[in-house]
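What follows is the residue order along each chain.
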Amino acid sequence: FYNCVVLKDHKLVDDYVYVQDGKIIDPAKMFFDERRAPDVRIDCGGGIVAPGYIDVQINGAFGYDFSNDTDIIDEAVDNVSKGLLMQGCTAYCPTTVSSRPEVYKQVLDHLGPRAGSVERGAEVLGAHVEGPFISPQKKGAHELATLRTAEGGLEAFDECYGLDRLRRNVAYVTMAPEVSGVLESIPKLIAATGIRIAAGHSNATTAEATQALAGGASMITHLFNAMHPFHQRDPGVIGLLGASDTTRPFYGIICDGVHVHPHSVMIAYRAHPDGACLVTDAMAAQSLPNGVYKLGEMDVDVHDGNVYIQGTNTIAGAVITLAECVRNFARFTGASKVEALESATLHPAQMLGITHRKGVLAHGADADIIVLDHELNVQRIFVAGREATRENVSYKNKL
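So, a few notes on the structure that sits alongside this text. (Residues numbered from 1 in each chain as written. Predicted model: local features only at pLDDT ≥ 70, side-chain atom pairs only at ≥ 80, totals over all residues. Heavy atoms only, no water.)

Some remarks on the sheet that holds strand β21 (residues 378-383)
Strand order in the open sheet formed by 6 strands is β2-β1-β5-β20-β21-β22, and the pairing between neighbours is mixed. The open sheet has two edge strands with one neighbour each: β2 (11-14) and β22 (386-388). Direction aside, neighbouring strands of the sheet carry axes that sit 30 degrees apart on average. As judged from the 3 bridges shared by β21 and β22, these two strands associate in the antiparallel manner. (Pairing = 2+ DSSP bridges. Helix = DSSP H or I, 4+ residues; strand = E, 2+ residues; numbered from the N terminus. Axes fitted to C-alpha atoms, helices over the stretch in contact; angles between N-to-C directions.)

Right under this line is the structure:
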């Protein structure tokens, strides 16, 4: 990759990127040991070379829903993976909403990690399981009848998900710290499964949220949405962004201008810029026309970028792409191109603990690469070192 500026070490620098066998390599060995030149040279036209985008919260897209399409879950993963790849999202966490235990038994084994490629689409990093150990008062678009408490500790989570399924297939779980049994279970669940924990859909006080953080929680799910509103004497989960005596968590934020007002995005960015993880929270209607779609078991109305549970004013996911979120984040906050790009690349990789291979353009990392113009429009997409184009990546919408 030449004739470009490269996102590297928190800067855009004039440089080259060398790729071999799906990995980013140090060219010294090729030049000095093997004494050979690159086989292919990619002229980036003066654009930006960055790691591929990573979406850690997406419920579905292109007509597919990861919680509802249990009978065709492999078809859903195949088509969503390919469709997301063509948007510049080279890795993601398929997300399930609060569901009954039988749904987790059906789908989680199909949402586990799998490598990305031109043939298979974006890499699956493991599922994000959102609920059902969440607050009934902050359930949002989650079905009330599916919600659970955790008085039984690890046994409650085993009964709901299966601890082995979590261990094999899940990147992180969203839960509400104040739900009975959750706070005590967080460190035990992390030790038993190795997953990460996010606080969300929560009415927790700041004290409860701080306890969750001390127990090992490291993420806030869709900041500002479905949580205790900010109050000066008890800012709830949101207050963790102002913590001065502990490591502050990462936070997902939906930059569609609907879920979170641009001024609120600016407040979060100013409070904790290094924690921002842009997410779409997209549902089945992403990239499809207006209409009625499924989010788990719920019917939702989609109209001109707005998604609501049918017959209500409750927001139920989004239809924005991650590429649009990046541009909006820069516009809403005045963040630099570097900061906007890192919020969809480096930060989600840090949250998941995978920066040795994702979210960076370091030697040895996976060659998941996007080329953008200077308005942050994605121009070219590479996964595992191969370019993805309309000619070699095909997928279908479920209408």
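Some remarks on the sheet that holds strand β19 (residues 306-309)
Spatial strand order, β17-β18-β19: 3 strands in an open sheet with antiparallel pairing. Edge strands, defined here as strands with exactly one partner in the open sheet, are β17 (291-295) and β19. Shown here is a sheet whose adjacent strand axes are inclined to one another by a mean of 35 degrees, direction ignored. As judged from the 5 bridges shared by β17 and strand β18 (residues 298-303), these two strands associate in the antiparallel manner.

Some thoughts on the packing of helix α8 (residues 262-271) against helix α9 (residues 322-333)
Close contact between α8 and α9 brings their axes to 9 Å; oriented N to C, the two are set at 85 degrees. Taken together, α8 and α9 sit at an angle that is classed as roughly perpendicular. Of the residues in α9, those in contact with P262, V265, M266, Y269 and R270 of α8 are F329, F332 and T333. Across the contact of α8 with α9, the residue classes tally to 6 nonpolar, 1 polar and 1 charged. (Parallel < 35°, antiparallel > 145°, perpendicular 65-115°, else oblique. Contact = heavy atoms within 4.5 Å. Nonpolar A, V, L, I, M, F, W, Y, C, P; charged D, E, K, R; others polar.)

Looking at unusual backbone geometry
G131 connects to P132 through a cis peptide bond whose omega is 5 degrees. With respect to the secondary-structure elements, P132 resides in the loop between β11 (127-130) and α4 (154-160). Located in the positive-phi region is D9, a residue other than glycine, with phi close to 55 degrees. Residue placement: D9 occurs in the loop between β1 (2-8) and β2. Backbone geometry places S287, a non-glycine residue, at a positive phi of 75 degrees.

Thoughts on the environment of A127
Positionally, A127 belongs in strand β11. Along the backbone, A127 and V107 are 20 residues apart, and their C-alpha atoms lie at a distance of 9.7 Å. Aside from chain neighbours lying at most four places away, what touches A127 is C93, P94, L108, L111, N169, V170, A171 and Y172.

Notes on the packing of aromatic side chains
Throughout the structure, instances matching the rule amount to 9 aromatic pairs. Between F1 and F382, the ring centres sit 4.9 Å apart and the planes meet at 80 degrees, which makes this aromatic pair edge-to-face. Highlighted residues: F1 in the segment before β1 and F382 in strand β21, separated in sequence by 381 residues. Relative to F329, the ring of Y269 has its centre 5.7 Å away and its plane inclined at 85 degrees; by these criteria the two rings are edge-to-face. Separated by 60 residues along the polypeptide, Y269 in helix α8 and F329 in helix α9 bring together distant segments of the chain. Judged by its relative accessible area of 1%, F329 falls in the buried class. Taken together, the ring pairs in this structure connect Y104, F133, F157 and Y161 into an aromatic cluster. (Phe/Tyr/Trp six-rings, centres within 6.5 Å; stacked < 30°, edge-to-face > 60°. Buried < 20%, exposed > 50% of the residue type's maximum accessible area, 1.4 Å probe, protein only.)

Regarding helix α6 (residues 182-193)
The terminal C-alpha atoms of α6 lie 15 Å apart, and with 12 residues this matches the ideal 16 Å at 1.5 Å per residue to within 8%. Every buried residue of α6 is listed here: V182, L183, S185, I186, L189 and T193. One face of α6 carries all of its buried residues, which in axial projection span an arc of 140 degrees. Away from its buried face by more than 90 degrees, α6 exposes E184, K188 and A191. (Expected span 1.5 Å × (residues − 1). Arc of directions from axis to C-beta.)

Describing helix α2 (residues 73-85)
Here α2 is 13 residues long and its end C-alpha atoms lie 18 Å apart, about the 18 Å a rise of 1.5 Å per residue gives. Across the 13 residues that make up α2, a large majority, 10, are buried. The set of residues buried in α2 consists of I73, A76, V77, N79, V80, S81, K82, G83, L84 and L85.

Re the pairing of strand β9 (residues 89-96)
Within β9, 8 of the 8 residues are buried, which leaves the element mostly enclosed by the surrounding structure. Inspection of the sheet shows strand β6 (residues 53-58) paired to β9 by 4 bridges, in the parallel sense. Paired with I58 across the bridge in β9 is P94. Bridging between β9 and strand β10 (residues 123-124) involves 2 bridges; their strand directions are parallel. Counterpart to Y92 in the pairing with β10 is V124. Relative to β11, β9 runs parallel, the two sharing 2 bridges. Across the sheet, the residue bridging to T96 is V129, located in β11.

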